[in-house]
Amino acid sequence: MSKLAILQYPDERLHTIAQPVEQIDDQIHKLVRDMAQTMYAADGIGLAATQVDVHLRIILVDVSEKGNQLLVLINPEVIKMGGKAEFEEGCLSVPEVYETVNRAAWIRLRALDLDGKPFELQADGLKAMCIQHELDHLQGMVFVEHLSPLNQKRILNTLKKQDRTRSKVR
């Protein structure tokens, strides 16, 4: 297993639309293991393959308190979603930025597991938010793009300032 580099917003590669996984083989299994290690090492609760510059339709989610309930969704497709909820979101690709985003309160989807078996899942609360957030990544969208242009500009300025500060520390 190896820890992967996480793309940082506004990297253009984050806007790449992910392609379906054609075959679940040893390479996909290794990618999922590496993504899980990367997500847990970064204290994340979700990670899309797009964020590690692999543009395949794979997302990982683990919203459990102990970080021991990894959910792997390969080629996820939304069946239905409903309700309205506001969530304060953060993102491993947008470090130290947290903003309120409007999402569906619940989501129902179908996906493949690591064995290639199809399954359906319904989620609400934090799990529903996390899945929707990661699905956005597969569509080439970062959560801050749900915000107003003014807020997006403010966040970009904040990130530039963080980069300058980190550069001085090195």
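Everything that follows concerns the structure shown earlier in this document.
Residues numbered from 1 in each chain as written. Predicted model: local features only at pLDDT ≥ 70, side-chain atom pairs only at ≥ 80, totals over all residues. Heavy atoms only, no water.

The next subject is the overall build of the protein chain. In terms of helices and strands, the protein chain carries three helices and seven strands. Counted from the first residue to the last, the protein chain has its helices and strands arranged as α-β-β-β-β-β-β-β-α-α. Relative to the compact-globule value of 15 Å for 170 residues, the protein chain shows a C-alpha radius of gyration of 16 Å, a close match. Once the C-alpha set of the protein chain is aligned to its principal axes, its extents read approximately 50 × 40 × 30 Å. The buried share of the protein chain, reckoned over its 170 residues, is 42%. Taking contacts inside the protein chain between residues at least 6 apart in sequence as the whole, the part at least 24 apart equals 65%. Working note: accessible area of the protein chain is about 9,500 Å², and carbon and sulfur atoms make up 50% of it. A distance of 5 Å separates the average location of the 21 positive side-chain charges in the protein chain from that of its 24 negative side-chain charges. (Helix = DSSP H or I, 4+ residues; strand = E, 2+ residues; numbered from the N terminus. Rg over C-alpha atoms; globule rule 2.2 N^0.38 Å. Buried < 20%, exposed > 50% of the residue type's maximum accessible area, 1.4 Å probe, protein only. Contact = heavy atoms within 4.5 Å. Areas by Shrake-Rupley, 256 points an atom, 1.4 Å probe, with all protein chains shown as cover. Lys, Arg positive; Asp, Glu negative; His and termini not counted. Charge placed at Lys NZ, Arg CZ, Asp CG, Glu CD.)

Okay, the sheet that holds strand 3 (residues 71–82) next. Taken in spatial order, the five strands of this open sheet run 1-2-3-6-7, and their pairing is antiparallel. With one partner strand each, in any of the chains shown, strand 1 (46–48) and strand 7 (118–124) form the two edges of the open sheet. For this sheet, the mean inter-axis angle between neighbouring strands, taken without regard to orientation, is 40°. Sheet topology places strand 3 next to strand 6 (residues 106–112); six bridges connect them, and they run antiparallel. Paired with K80 across the strands is R108, a residue of strand 6. Along the sheet face, helix 1 (residues 26–41) touches strand 1, strand 2 (58–61) and strand 3 and points at about 40° away from the line of strand 2. With respect to the sheet, helix 2 (residues 125–138) is in contact with strand 1, strand 2, strand 3, strand 6 and strand 7, its orientation differing from that of strand 2 by roughly 155°. (Pairing = 2+ DSSP bridges. Axes fitted to C-alpha atoms, helices over the stretch in contact; angles between N-to-C directions.)

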